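# Examination of the molecular architecture
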Amino acid sequence: MSELIEIERLTKRFGGFTAVDDISFTVARGEVLGFLGPNGAGKSTTMRMLAGFMPPSSGTARICGADIVDQPVAAKRHLGFLPEGAPTYPEMTVTGFLEFAGRIRGFAGSALDDRVAHAMLLTQLEGVRLQPIETLSKGFKRRVGLAQALLHDPPVLVLDEPTDGLDPNQKHEVRELIRRMAPEKAIVISTHILEEVGAVCTRAIIIARGRVVVDAPPAVLEEEGSTLDDVFRRLTLSEAATVTEDAS
Amino acid sequence: MAPALIVARRELAGYFATPVAYVFIVIFLVLAGALTFTLGNFFERGQADLQPFFAFVPWLFLFLVPALTMRLWAEERRLGTIELLLTLPLPQWQAVLGKFLAAWAFCAIALLLTFPLVVTVNLLGQPDNGVILSGYLGCLLVAGAYLAVGAAVSAMTKNQVIAFVLAVALCFVFGAAGSPVVTEFLSTRLPVLADIARGISVAERFGGFTRGLVAARDLVFFASFIGFFLFLNAVVLDHRKAD
């Protein structure tokens, strides 16, 4: 099975407001999908539903064949998720935090130690392993969140703004890491930084007002317009304009 | 290890990593001791038992337990870690249970630290240690009942002050429902409600334990009381996760 993520008519309504409107797409092994959109377009909501945090209002998604609504625990086992802002428990040490995530994921003893050590190696956290997370800089905190998502070497990775708050060197390292893992995983990353899409993604989806407006490889997008920035502005602003016209 | 126990272990370590645990324990011990010896007339009554102590513990828990539970889910929401915890592969009820167990174990530790009182009465006389033991069991069950109420309230609101005030009020209702003031008032006007009030009263059940009575129906009461509010907690959490 090469389609590791299958999203089927996923919809989320908050009261009368539709945050995610009937989105469908699939992501295959080896793909890095860049999830783009203006703030409030429904990126985080889609990712939260995919990760099983929010139940969808209608529609569903499958991760490695496990339905997020019917088999939430099985779906979560196959998934590494970095929530928006990379939340962590501030009073815990880096090792303590990663061991907690590892234990919940069913690792114990030397297997747990190996997993934690490997995740810290990938995200270059060894230097701060015994520091409480609250004493770390923003870049380190983000990498702790990332290490937690990579810990169990999941086939599917969903990363909400993985490079936000990192300096240029750290951004480069995280992109390298994503590129290295790409061949054997299906990865979805959301970002505001359009150059990042060109740098790591094999495919880009732009959503606006809860709908998919574009689904194409970044190279194709760049050929159409002059730069990704222009394409992004044209698509998301025109979409907003059409909706306003409809309403009036 | 069951996921609930892994969550509980992390939570409990979290209490002791912050001043919360120490402030709670110190205040609890100071108040419990002071009230027992002053208002409780521990020496003057000339009896080797812990009745004065057991009389005050539920009232202390009424204020201290909501202080413990108000941050239970509110803190996870504030930090955003709720999104992390609930996207780890564990059933949601295990997370609810884990948090409750940690808080309960913490209350048990606070209660255990009142052991000098037990030593004192044993040095001064020959108390019935069975009654003392069942009294402690009752205290622990009252703590569990208040914790379950407080945890469910904490899942409802992001605001810690609201969570605290609501939890105190609700715990007070369950604590005071069986007191003579309430039941006498109700029995003269609405006799049906008086029975219900006695039936749901935590204090009424606790009274048996302080007299050395460990009745199966009281244990069932506390188990179903705690179970009900944990279930409510899970349901509320499911509907208001992202708020």
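For clarity, every value in this text was computed on a predicted model and none was experimentally measured.

When helices and strands are tallied, chain A shows nine helices and ten strands. The C-alpha atoms of chain A give a radius of gyration of 18 Å, which matches the 18 Å a tight globule of 248 residues would have. Counting only C-alpha atoms, chain A reaches 60 × 40 × 35 Å along its principal axes. Burial status across chain A gives 53% buried among its 248 residues. Put simply, chain A shows about 10,300 Å² of open surface, and 50% of that area lies on carbon and sulfur atoms. One way to put it: in chain A the 27 positive side-chain charges average out to a point 4 Å from where the 34 negative ones average out.

Residue and element names in this part refer to chain A. With mixed pairing, six strands are arranged side by side in an open sheet as E6-E7-E8-E3-E9-E10. The strands lining the two open edges of the sheet, one partner per strand, are strand E6 (79–82) and strand E10 (211–216). Ignoring which end each strand starts from, the neighbouring axes of this sheet average 15 degrees apart. Bridging between strand E9 (residues 203–208) and E10 involves five bridges; their strand directions are antiparallel. By the bridge assignment for E10, alanine 208 is matched with arginine 211. Against the sheet, helix H1 (residues 43–50) touches strand E3 (32–36), E6, strand E7 (156–160), strand E8 (186–190) and E9, its axis set at about 145 degrees to E7. Contacting E3, E7 and E8, helix H6 (residues 168–181) crosses the sheet at an angle of about 155 degrees to E8.

Our next topic: the pairing of E7 of chain A. All names here are of chain A. Summarising burial for E7: five of the five residues are buried, a large majority. With burial as the criterion, each face of E7 is covered, one bearing Val156, Val158 and Asp160 and the other bearing Leu157 and Leu159. In terms of strand pairing, E6 meets E7 through four bridges, oriented parallel. Counted as the bridge partner of glycine 80 is leucine 157 from E7. Here E7 runs beside E8; their pairing, made up of five bridges, is parallel.

The next thing to look at is the domain arrangement of chain A. Residues and elements named next belong to chain A. Here chain A is described as being made up of domain 1 (1–26 + 35–78 + 154–217) and domain 2 (90–153). For domain 1 versus domain 2, the separation of C-alpha centres amounts to 23 Å. Residue-level contacts link 18 residues of domain 1 with 13 residues of domain 2. Buried area between domain 1 and domain 2, both sides added, is near 1,300 Å², and the carbon and sulfur share of it is 58%. Between lysine 185 and aspartate 153 there is a salt bridge, with its nearest N and O atoms 2.6 Å apart. Applying the counting rule to domain 1 against domain 2 returns four residue pairs in polar contact (both at pLDDT 80 or more). When residues of the side of domain 1 that touches domain 2 are traced back to their parent elements, those giving at least two are helix H2 (72–77), E7 and H6. Residue composition of the side of domain 1 that touches domain 2, grouped by class: nine nonpolar, two polar and seven charged.

Next up on the list: the interface of chain B and chain A. Across the contact, 25 residues belong to chain B and 25 residues belong to chain A. Surface buried jointly by chain B and chain A totals about 2,400 Å² across both partners, of which 70% is contributed by carbon and sulfur atoms. Our enumeration of links across chain B and chain A arrives at two salt bridges. Residue arginine 48 of chain A pairs with glutamate 83 of chain B through a salt bridge whose shortest N-O separation is 3.0 Å. The tally of links between chain B and chain A comes to four residue pairs in polar contact (both at pLDDT 80 or more). Elements represented by at least two residues in the side of chain B that touches chain A include exactly helix H1 (3–17), helix H4 (74–79) and helix H5 (81–85) of chain B. With seven residues, H1 of chain B is the largest single contributor of residues to the side of chain B that touches chain A. Across the side of chain B that touches chain A, the residue classes break down as 15 nonpolar, five polar and five charged.

To continue, consider the packing of helix H3 (residues 51–69) of chain B against helix H9 (residues 160–176) of chain B. All names here are of chain B. One can describe the packing of H3 onto H9 by two numbers: an axis separation of 8 Å at closest approach and a directional angle of 150 degrees. Judged by the angle between their axes, H3 and H9 are roughly antiparallel. For the element pair H3 and H9, the recorded crossing hand is right-handed. Contacts from Trp59, Leu62, Phe63, Pro66 and Ala67 in H3 reach Phe164, Ala167, Val168, Cys171 and Phe172 in H9. Class assignment for the residues of the contact of H3 with H9 results in ten nonpolar, no polar and no charged.

Residue and element names in this part refer to chain A. Spatial strand order, E2-E1-E4-E5: four strands in an open sheet with antiparallel pairing. Of all strands in the sheet, those bounded by a partner on one side alone are strand E2 (17–28) and strand E5 (66–67). Pairing of strand E1 (residues 3–14) with E2 involves eight bridges; the strand directions are antiparallel. Within the sheet, the bridge partner assigned to glutamate 3 lies in E2 and is alanine 28.

Cut-offs applied
Residues numbered from 1 in each chain as written. Chains lettered and ligands numbered in written order. Predicted model: local features only at pLDDT ≥ 70, side-chain atom pairs only at ≥ 80, totals over all residues. Heavy atoms only, no water. Helix = DSSP H or I, 4+ residues; strand = E, 2+ residues; numbered from the N terminus. Rg over C-alpha atoms; globule rule 2.2 N^0.38 Å. Buried < 20%, exposed > 50% of the residue type's maximum accessible area, 1.4 Å probe, protein only. Areas by Shrake-Rupley, 256 points an atom, 1.4 Å probe, with all protein chains shown as cover. Lys, Arg positive; Asp, Glu negative; His and termini not counted. Charge placed at Lys NZ, Arg CZ, Asp CG, Glu CD. Pairing = 2+ DSSP bridges. Axes fitted to C-alpha atoms, helices over the stretch in contact; angles between N-to-C directions. Contact = heavy atoms within 4.5 Å. Domains from an automatic or database assignment. Buried area = accessible area lost by both parts, 1.4 Å probe. Salt bridge = Lys/Arg side-chain N within 4 Å of Asp/Glu carboxyl O. Polar contact = N/O pair within 3.5 Å; in protein donor to acceptor, adjacent residues only side chain to side chain. Nonpolar A, V, L, I, M, F, W, Y, C, P; charged D, E, K, R; others polar. Parallel < 35°, antiparallel > 145°, perpendicular 65-115°, else oblique. Left-handed = near helix turned anticlockwise from the far one by under 90°.

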